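Chain residues, written in single-letter form:
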2 protein chains.
Amino acid sequence: MAHYKAPLRDMKFLMTEVLGAGETLAQMPYYADNDTADTDLIEQVLAEAARFAENELLPLNAVGDHEGCVRDEAGNVTTPTGFKEAYRKYRLAGWTALDADPAWGGQGMPHLVNIAVTEMNISANVAWSMYPGLSHGAYSALVAHGSDELKATYLPRIVSGEWTGTMCLTEPHAGTDLGIIRTKAADNGDGSYAISGTKIFISAGEHDFTDNIVHLVLARLEGSPEGTKGISLFLVPKFMVNADGSLGQRNGVVCGSIEHKMGINGNATALLNFDGARAYLVGEINKGMNNMFTMMNAARLGTGMQGLGLGEIAYQNAVSYAVNRLQMRHEPRTAPAQNADPIISYPDVRRMLLTGRAYSEAGRALALWLALSLDTEHHHPDAAKREEAADLVALLTPVAKAFMTDNGFNIAVQSQQVFGGHGYIREWGMEQFVRDARIGQIYEGTNSIQALDLLGRKVLMDGGRKLQKLANIVEALVSEVADDEELQGWADALSKAAAQVGTLTMVVGQKAMQNPDEANAAAVDYLRYVGHVTYAFLWVKMAKVALNAVKAGKDKDGFYKAKLQTARFYFDKLFPETKMLSATIKAGGDSLDVDLGMFGVERALASV
Amino acid sequence: MAHYKAPLRDMKFLMTEVLGAGETLAQMPYYADNDTADTDLIEQVLAEAARFAENELLPLNAVGDHEGCVRDEAGNVTTPTGFKEAYRKYRLAGWTALDADPAWGGQGMPHLVNIAVTEMNISANVAWSMYPGLSHGAYSALVAHGSDELKATYLPRIVSGEWTGTMCLTEPHAGTDLGIIRTKAADNGDGSYAISGTKIFISAGEHDFTDNIVHLVLARLEGSPEGTKGISLFLVPKFMVNADGSLGQRNGVVCGSIEHKMGINGNATALLNFDGARAYLVGEINKGMNNMFTMMNAARLGTGMQGLGLGEIAYQNAVSYAVNRLQMRHEPRTAPAQNADPIISYPDVRRMLLTGRAYSEAGRALALWLALSLDTEHHHPDAAKREEAADLVALLTPVAKAFMTDNGFNIAVQSQQVFGGHGYIREWGMEQFVRDARIGQIYEGTNSIQALDLLGRKVLMDGGRKLQKLANIVEALVSEVADDEELQGWADALSKAAAQVGTLTMVVGQKAMQNPDEANAAAVDYLRYVGHVTYAFLWVKMAKVALNAVKAGKDKDGFYKAKLQTARFYFDKLFPETKMLSATIKAGGDSLDVDLGMFGVERALASV
């Protein structure tokens, strides 16, 4: 079975030494007044979360994959052995309330803490982690857009974990393109609506964890305009809620089937049939897309976390295997008493391990930075700081989602490769990480959609304003380390690449003004380029702290030296991908402008 | 369900127009005398093979994945529904004998034809294709190294497909490192040996297709030296064979279990227990490693074909989906009568499709070129041509294995991505291609081992002699197209990259003389670089033919224009990976030379 040790040391390093989270959080009365900005408390909470992930969730991970969820003919879903009980413990220990508002029963901890807990839960059991994860999205949307009555009825029960939530967007013919959904809402004339239609791919859409499930559903109110401008957001409880808070009759929403998938088998991916289900409007009529984005932005960072968490555990297991697997004789011998040496003796094996490590550690830095920025955006008393944080979050959320899930999948694949043939066998658990990691690149908006969001909406439509803010942050760091001779090579590489982002943005932007296809053609490579600049920035930032610690003689356990060595690996072996990306972005969209007839699909095209 | 249309048109183009296979084969009496060099015949055979793959094998592909193989307590294995019957038809139609020597009942067709048939079988059903595939390896080893008696007893039955063969190398503690295997052979003193030990990961190691299975087994004869120099190759039949050719008693080899794997579920991956099994020596004592390599080189090209075949079918299905899936509105609209446009309208979707196409078409060109080179190596009357072909095969076999399987896996992943969420659902079949393609990167020597074989054995230990031959072939083509203005950009890129291979080889070679770890550190990136130079060479070669056809007004159906457009895509979007690889290779192994303590494994390391 796979093992897992939560990276608490690295989290502490990032929060306290790199991000100065304690000082930043202390500036926000919301946290300072709740006593939740205290770094000792945060450390305690994370240690407790680590225990839960390692001891309660990890042992269920392979079981969940093997058993999957089972649906009976009535539409009830049974989750894998142990899942329900683990959720009960999780809920009773207060984890579902962790970063929720005390006004609704939450503990008021920072997003920063929640994102770290999320990483650990994902590493230990991603399929299980999605049940509370989806609830969290529903919580955010209700807090932001729900009426007082809806909030009072539903939020305390979602925060306590007594009920869970879902996001119901996709339909069989409409995934990326929510403007063409067919699910209808009719006004009942009594303040409620009747929803009818079919939603698919609803994660945690049906289960046996809780007595009730709160679906947030996109639908078109009768008479609303076509397209995204006619979509509203509704709340549909599985069971109606009586005035006294007790559960009433079953609502008209039934799980029609659950999907057989490549992975995340422990999470029920439901097809939900809504048949005149009683529903309540969330936010204004026809503002459903905007309101749903409140959930989706959080969900996108959460999906990025799946790449981080799965990459981390896959990496950890590859390290163990590489230490214990003896094959061939390295010169000089590293285990001379044996007939072969541990495969970690070979540079190519370390290349695979360091790839996992360098991407995971930078990904963690990005995640915590964004989470702290979310805290700042929501709670900082200084409006300028709120705006700067909001811009950063808006710019880097698609990067976090796509870059982290792409890297996470690749780490899972490379870590599996370290195992040789054993990596392909189910019992080792490595192939599950690959299968589980694959979905992160697809859902919550495919990584292509993230790239279009970044290049189109966040950069070009923004006139490069947010991008310039990131460039300023980067250049400030480059200036800061100008006296550190040891960091100059990396700082130069970072500075040049950051400048190159500006150039590439201009090149693509000018072409795209003539032909929007040029932005579409460049977007995926562009996002990866920005991802590398972001990670290079974070590596210089981490290396600066590490170098100072080493110079000050504080590196007792080699932690800081390891950071510097990993930074070096990143700049030597991973960052050069920017050379390729720069070339492919500059090459533009001409080579993609091919005759569609070449695909041998004339007849199919003609019939469309 | 996935669909598949065999790429017969592309095969014909490559064989006749690009490789001039008919002329080359006609120079070899072995084929000319057997009338198997005839291109009309070859075309007929391929069309028949296409029908078998499309109609008989493809419908069993998802079934095989879903049902897997089942082992009973006695060690008998039942293959998935339909597999056995399909094999019976395949065998009776003579396909197992296709490129076997007529002396043993074979049809004497060129390797060239067999490799094309192999591609189609893999595309349609890779798990099934491995049963005859492994037999073919056993056939090659017996032809090259078996005694006359062994040949007479076993070859006709293997060629006819009445019996199948296996390769038994791996043991629980010994995969890459066959020098430490523990399986023992004792001399029975009657010309036979007694084999005892456990072999794992034996593909097609037990099944219900045939009455007998012929295992080729690596074992150490008692008294032989340690390491690879003490290993011999033995033949172990599942059932003994009587003097009259009838089957005798059950031999002491039993399937102890079959693996639960990520994919290729339709193929039984067996653990075989040998308990004093009666065995016969194949070739000389202690020459087992060399003899096994006869099988392994063929198996490595065959494994590369898995990357090609799976990439091709994944690509084909992604194209269909991209044509039929309507999402969002492209400007200008491509399906104005619909509420959305087919996603193939978007450049980023075409980028994913063209990646599959460009790698698949170049991979097919490489495979057919190598297969024709194998024919030349084995059968050409001119010794110089045989040697040149042998050098090319030796140099490019590890490239074909690793580059084609890496690309094939990536194509499967990108093609799955085109499907969005539907790609993650089992019923569409795309996720099976990803799972099935993953093993090709691992078995028959991991792709890291292939890279070490290329850089270490085939280039550095060879003093660059074989590499120079490839460079000469490349430069000859560059000169040939010097007058084609349209090809100059690509020819220049190819020429520069080929020169860069020389530079990189010198850089790595000089470092490696000081420290062998430097070769290990560079190998994987080096192989990918050589792969790109090879594909760039093939793309210029294909483009030259295509351009001439277009200029001559022969491009009735747009086939040749599509070649030129795909070539352009390759050079614009895929070939720039060489820029990254050049940088990572030059960066050397320093950043991999890290403190192993950083992996937190001191205790584990100390106990090794």
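Just so you know, these numbers come straight off a predicted model, no measurement behind them.

### A short note on the overall build of chain A
Scanning chain A for helices and strands turns up 19 helices and 11 strands. C-alpha extents for chain A along the principal axes are approximately 75 × 55 × 55 Å. Sequence separation of 24 or more characterises 75% of the internal contacts of chain A that already satisfy a separation of 6 or more.

### As for the interface of chain A and chain B
Opposite the 79 residues of chain A that make contact, chain B presents 78 residues. Among the elements of the structure, α9 (288–324), α10 (347–379), α12 (430–438), α16 (517–551), α17 (559–574), α18 (577–587) and α19 (602–607) of chain A are those that each provide at least two residues to the side of chain A that touches chain B. Examining the composition of the side of chain A that touches chain B, we find that 7 residues originate from one element, α17(A), more than from any other. Looking at the side of chain A that touches chain B, its residues break down into 38 nonpolar, 23 polar and 18 charged.

### Thoughts on the nonpolar core
If you look at the biggest cluster of nonpolar residues, it comprises 421 residues, and the most contacted ones within it are A:F234, A:L368, B:F234 and B:L368. Those residues in contact with A:L368 that sit more than four places away from it in its chain are A:L14, A:M15, A:L19, A:L112, A:I115 and A:A116.

### Re the confidence of the model for chain A
Detailed reading of predicted coordinates is not advised where the pLDDT is low. Summary statistics for chain A give a mean pLDDT of 96 and a share of 99% for residues scoring 70 or more. Under the prediction, the complex receives an ipTM of 0.98, its pTM being 0.98.

### Concerning the environment of A:Q414
The residue A:Q414 is located in helix α11 (residues 383–418) in this model. C-alpha separation for the pair A:Q414 and A:Y315, spaced 99 residues apart in sequence, amounts to 8.5 Å.

### Here's the deal with the pairing of strand β11 (residues 269–282) of chain B
Residue and element names in this part refer to chain B. Along β11, 10 of the 14 residues are buried, which leaves the element largely enclosed by surrounding structure. Sheet topology note: the strand β5 (residues 193–203)/β11 ladder contains 9 bridges and is antiparallel. Bridge pairing links G197 to F274 in β11. Bridge analysis of strand β7 (residues 231–237) against β11 gives 3 bridges, and the strand direction is antiparallel. Residue L233 lies in a different strand from β11, and its bridge partner there is V282.

### Quick word on unusual backbone geometry
Here the bond from A:E331 into A:P332 is cis, since omega is -5°, no more than 30 degrees from zero. In this structure, A:P332 sits in the loop between α9 and α10. One non-glycine residue, A:D35, adopts positive backbone phi at about 60°. Of note, the phi angle at B:I264 is positive, near 35°, even though the residue is not glycine. Its location among the elements puts B:I264 in the loop between β10 (253–258) and β11.

### A look at the pairing of strand β5 (residues 193–203) of chain A
Put simply, side chains in a regular strand alternate between the two faces of the sheet. Counting buried positions along β5(A) yields 9 of 11 residues, so the element is predominantly enclosed. Once strand β4 (residues 184–187) of chain A ends, the chain turns through 5 residues before running back antiparallel as β5(A), passing A:G189 with a positive phi of about 80°.

### A closer look at the relation of the copies chain A and chain B
Superposing chain A onto chain B requires a rotation of 180° together with a translation of 0.0 Å along the rotation axis, leaving an RMSD of 0.0 Å. These values place the two chain copies in the arrangement generated by a two-fold rotation axis. Both copies present the same face, since 99% of the interface residues in chain A are matched by interface residues at the equivalent positions in chain B.

### Re helix α14 (residues 465–480) of chain A
When the terminal C-alpha atoms of α14(A) are compared, their 23 Å separation across 16 residues agrees well with the 22 Å that a helix rising 1.5 Å per residue should span. In this fold, the buried residues of α14(A) make contact with α11, α13 (447–460), α15 (488–514) and α16 of chain A.

### Focus on helix α4 (residues 39–57) of chain B
Residues and elements named next belong to chain B. In this model, α4 (19 residues) spans 25 Å end to end at C-alpha, consistent with the 27 Å of a helix rising 1.5 Å per residue. Of all the residues in α4, the buried ones are I42, V45, L46, A49, A50, F52, A53, E56 and L57. Those residues of α4 hidden inside the fold are in contact with α1 (8–18), α5 (61–67), α6 (83–92) and α7 (111–145).

### A word on the packing of helix α16 (residues 517–551) of chain B against helix α18 (residues 577–587) of chain B
Residues and elements named next belong to chain B. Packing of α16 against α18 brings their axes to within 9 Å, and their N-to-C directions diverge by 150°. Judged by the inter-axis angle, α16 sits roughly antiparallel to α18. Here α16 runs over α18; the crossing is left-handed. Across the interface between the two elements, A522, D525, Y526, R528, Y529 and H532 from α16 touch E577, T578, L581, T584 and I585 from α18.

### Describing the packing of helix α4 (residues 39–57) of chain A against helix α7 (residues 111–145) of chain A
Residues and elements named next belong to chain A. Running from amino to carboxyl end, α4 crosses α7 at an angle of 5°, the nearest separation of the two axes being 9 Å. Taken together, the axes of α4 and α7 are roughly parallel relative to one another. Contacts from I42, V45, L46, A49, A50, A53, E54 and L57 in α4 reach V113, A116, V117, M120, N121, S123, A124, N125 and W128 in α7. Classifying every residue of the contact of α4 with α7 gives 13 nonpolar, 3 polar and 1 charged.

Rules used throughout
- Residues numbered from 1 in each chain as written.
- Chains lettered and ligands numbered in written order.
- Predicted model: local features only at pLDDT ≥ 70, side-chain atom pairs only at ≥ 80, totals over all residues.
- Helix = DSSP H or I, 4+ residues; strand = E, 2+ residues; numbered from the N terminus.
- Contact = placed C-beta atoms within 7 Å.
- Nonpolar A, V, L, I, M, F, W, Y, C, P; charged D, E, K, R; others polar.
- Core = buried A, V, L, I, M, F, W, Y, C linked by C-beta atoms within 7 Å.
- Buried ≥ 20, exposed ≤ 12 C-beta atoms within 10 Å, placed from the backbone.
- pLDDT = per-residue confidence, 0-100.
- Pairing = 2+ DSSP bridges.
- Least-squares fit on C-alpha atoms with pLDDT ≥ 70 in both.
- Expected span 1.5 Å × (residues − 1).
- Axes fitted to C-alpha atoms, helices over the stretch in contact; angles between N-to-C directions.
- Parallel < 35°, antiparallel > 145°, perpendicular 65-115°, else oblique.
- Left-handed = near helix turned anticlockwise from the far one by under 90°.

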